[in-house]
Protein chains: 2
Amino acid sequence: MTGRCSGLSSAERAEAMIRTIAPTPNRALSGRCSACAVRSLSICGALDQADLIEFERIARQVHLTHNEAIFTAGQAATSVHNVTAGVARLYKLLPDGRRQVIGFALPGDFLGAMPSDRYSFSADAIEAVSVCRLSAESFAQFIEHRPHFLRRINEFAARELMLAQEQMLLLGRRTAEEKVAAFLVGWRARLANIGDQQHTIALPMSRQDIADYLGLTIETVSRTLTRFEREKMLVIVSGGVRLLDAKRAEAMAGV
Amino acid sequence: MTGRCSGLSSAERAEAMIRTIAPTPNRALSGRCSACAVRSLSICGALDQADLIEFERIARQVHLTHNEAIFTAGQAATSVHNVTAGVARLYKLLPDGRRQVIGFALPGDFLGAMPSDRYSFSADAIEAVSVCRLSAESFAQFIEHRPHFLRRINEFAARELMLAQEQMLLLGRRTAEEKVAAFLVGWRARLANIGDQQHTIALPMSRQDIADYLGLTIETVSRTLTRFEREKMLVIVSGGVRLLDAKRAEAMAGV
DNA sequence: CGTCCCGTTTGATCTGGATCAACCGGTCGC
DNA sequence: GCGACCGGTTGATCCAGATCAAACGGGACG
């Protein structure tokens, strides 16, 4: 069933409010795109040397720490962002505080598919995060005469959409056990994709974040993980989880 | 209990009955794009006269009836589609048969954001449907040197993604009552958007389709609708629903 | 005109996951 | 070194929505 107040506590909400109001301090140095570690993973992988120099001119590196907002739902969408380091949490809130995490953004992920002129969701840093920030205007201008770049952005949007559809299936039709297993397997795949191929799956987000991503409560996530551990499918370690029986997890996830 | 004899005269019921969503059903003989009723709503709205003639050359009108498949998940994604009449159901299945409807496609909607070379979901006709079918290759070629068209497709993808995120919030964090109310309000808005602005909301899809869209069972959808009727929020009519208290529905939907 | 069929409604009961409530263990500030 | 705090775990109970079961009603067809 769907929980009533499974989002933030009122204290957390107040904190989030303050965060939102406070302008994000800008500790940016100008970025050197040609040296960017995640360029090939990001939309910038479609840019040649000349493009990069121009891109660098309009981009600005911004660094954020734990729980700092990158942008907030409802605000004017004046910037687009490229995550270059760390993990961001993307989410939507209901007026009464219920929260749905709609995704986690990893290095290389692009946050800028804006159909409206306001952000339709919020994004903040789960851990230390760096983003490449561009004004929406200069970004639009930059795209203007670079159709290959637009095509790349389009591919990213299509991939994002496919992930969203997969997540709808998960939220609407999978059991708690399947949700948690699918999350672990999917998260591991995404980490592997950016080169982090450890046998221990890093989980920088809190249990609450996972719960809000899977449409569950924190207690159910915790119980399910401990059960998985009891059943020798994994070991819970500090900052993550170590998969012992990946086959079983994948079977549960219904891959 | 006499079921749904809810105080409507037979005249009213007849008036409310079966209205195809198509603005102009079956107007197309060969694909005459320049005469297409939904062009301005669709991605083709970005095409000029010359583009249209070329588009027409590669497009083929296909007509489908109730429950016929437009394409199926897992198949090679050889075509892209533009719905021109009727309503299609987009869905994903789990191996054990659980189904998640990920959306309903209306005239003007584009089905072609393919990140992979296989369809990641299935689409079939809920009622009589016409689609504009193009081979993925010729479509890709067509886009090639038409950046304005690509930009239009991108806008459509971004809108689609935003809807998907809204749906994740619904699936993960809303109650059954909120889900049904949100569905009615959202569906009404989409119908209004394509020009069908009747006070009776046409519901060409089955209760099962609605249930699978909202992550509920058919019984819960049915019960919730009857309750809404009992509470005078709406009247259930053949082929749809008549909203009596739109304000209340919108409040429930959390708009 | 009857009856078969199928989508829908309604009723009774069950249960997965939510809610409520401790409690645990690490860390931070003093 | 100690208490407060915070994220996480565990236990007891509850309940929204699922499941099981039956009946209804309208359309199709002989």
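We now turn to the structure provided with this report.

What counts, and at which threshold
- Residues numbered from 1 in each chain as written.
- Chains lettered and ligands numbered in written order.
- Predicted model: local features only at pLDDT ≥ 70, side-chain atom pairs only at ≥ 80, totals over all residues.
- Heavy atoms only, no water.
- Contact = heavy atoms within 4.5 Å.
- Buried area = accessible area lost by both parts, 1.4 Å probe.
- Salt bridge = Lys/Arg side-chain N within 4 Å of Asp/Glu carboxyl O.
- Polar contact = N/O pair within 3.5 Å; in protein donor to acceptor, adjacent residues only side chain to side chain.
- Helix = DSSP H or I, 4+ residues; strand = E, 2+ residues; numbered from the N terminus.
- Pairing = 2+ DSSP bridges.
- Axes fitted to C-alpha atoms, helices over the stretch in contact; angles between N-to-C directions.
- Buried < 20%, exposed > 50% of the residue type's maximum accessible area, 1.4 Å probe, protein only.
- Core = buried A, V, L, I, M, F, W, Y, C linked by side-chain atoms within 4.5 Å.
- Near = heavy atom within 4 Å.
- Nonpolar A, V, L, I, M, F, W, Y, C, P; charged D, E, K, R; others polar.

### Looking at the interface of chain B and chain A
With 40 residues of chain B at the interface, the matching set in chain A holds 43 residues. Among the residues of chain B in contact with chain A, B:Leu161, B:Met168 and B:Arg173 are the three that bury the most area, contributing 20% of the side total. Where chain B meets chain A, there are seven salt bridges. Close ionic contact of A:Arg98 with B:Glu178 constitutes a salt bridge, the shortest N to O distance being 2.8 Å. Connecting chain B to chain A are 14 residue pairs in polar contact (both at pLDDT 80 or more). Breaking the side of chain B that touches chain A down by element, the ones donating at least two residues are β5 (99-105), α4 (147-173), α5 (176-193) and α6 (207-214) of chain B.

### Digging into the sheet that holds strand β9 (residues 200-202) of chain B
Residues and elements named next belong to chain B. Overall, antiparallel pairing links the three strands, which are arranged β9-β11-β10 in an open sheet. Because the sheet does not close on itself, it has two edges, and the strands there are β9 and β10 (234-237). Each strand of the sheet is rotated relative to its neighbour by a mean of 25 degrees, with strand direction disregarded. One ladder, built from three bridges, connects β9 with strand β11 (residues 240-243); its direction is antiparallel. Bridge pairing links Thr 200 to Arg 242 in β11. Across the sheet, α5 lies against β9, β10 and β11, angled at about 85 degrees from β9, the strand it touches most.

### Quick word on the sheet that holds strand β7 (residues 122-125) of chain A
One open sheet accounts for four strands, arranged β2-β7-β4-β5 (chain A); its pairing is antiparallel. At either margin of the open sheet sits one strand with a lone partner, and together these are β2 (69-71) and β5 (99-105) of chain A. Taking each pair of neighbouring strands and ignoring which way they run, the sheet shows an average axis angle of 30 degrees. α4(B) contacts β4 (88-93) and β5 of chain A of the sheet and is inclined by roughly 130 degrees relative to β5(A).

### Concerning the pattern of salt bridges
This model, assessed by the stated rule, comprises 33 salt bridges over all chains. Note that B:Asp124 and B:Arg89 form a salt bridge whose closest N and O atoms lie 2.9 Å from each other. With B:Asp124 in strand β7 (residues 122-125) and B:Arg89 in strand β4 (residues 88-93), the pair connects residues that are 35 residues apart, well separated along the chain. Per residue, the accessibility class of B:Asp124 equals that of B:Arg89, and both read buried. Shared partners join several salt bridges into a network, and the residues in it are A:Arg89, A:Arg99, A:Asp124, A:Asp209, A:Asp212 and B:Arg173.

### Quick word on the nonpolar core
Judged by nonpolar contacts, the single largest core of 111 residues is most densely connected at A:Phe183, A:Trp187, B:Phe183 and B:Trp187. Among residues more than four places away in sequence, those in contact with B:Trp187 are B:Val87, B:Phe104, B:Leu106, B:Ile201, B:Ala202, B:Leu203, B:Pro204 and B:Met205. Core analysis: the next-biggest nonpolar cluster, separate from the first, contains 38 residues, A:Cys132, A:Ile153, B:Phe55 and B:Phe110 among them.

### As for the protein's contact with DNA strand D
Around DNA strand D sit 17 residues in total, of which A:Ser222, A:Arg223, A:Thr226, B:Ala176 and B:Thr220 are the nearest. When atoms of DNA strand D within 4 Å of the protein are sorted by moiety, sugar and phosphate together comprise 65%. Measuring from a phosphate oxygen of DNA strand D, one finds a side-chain N or O atom of A:Arg207 at 2.8 Å. Interatomic distance of 2.7 Å between a side-chain N/O atom of A:Arg223 and a base nitrogen of DNA strand D. Only α7 (218-230) of chain A together with α7 (218-230) of chain B provide two or more residues apiece to the surface near DNA strand D. Ranked by the residues each element gives to the surface near DNA strand D, the list is headed by α7(A), at four residues. Here the surface near DNA strand D is built from residues that sort into four nonpolar, eight polar and five charged.

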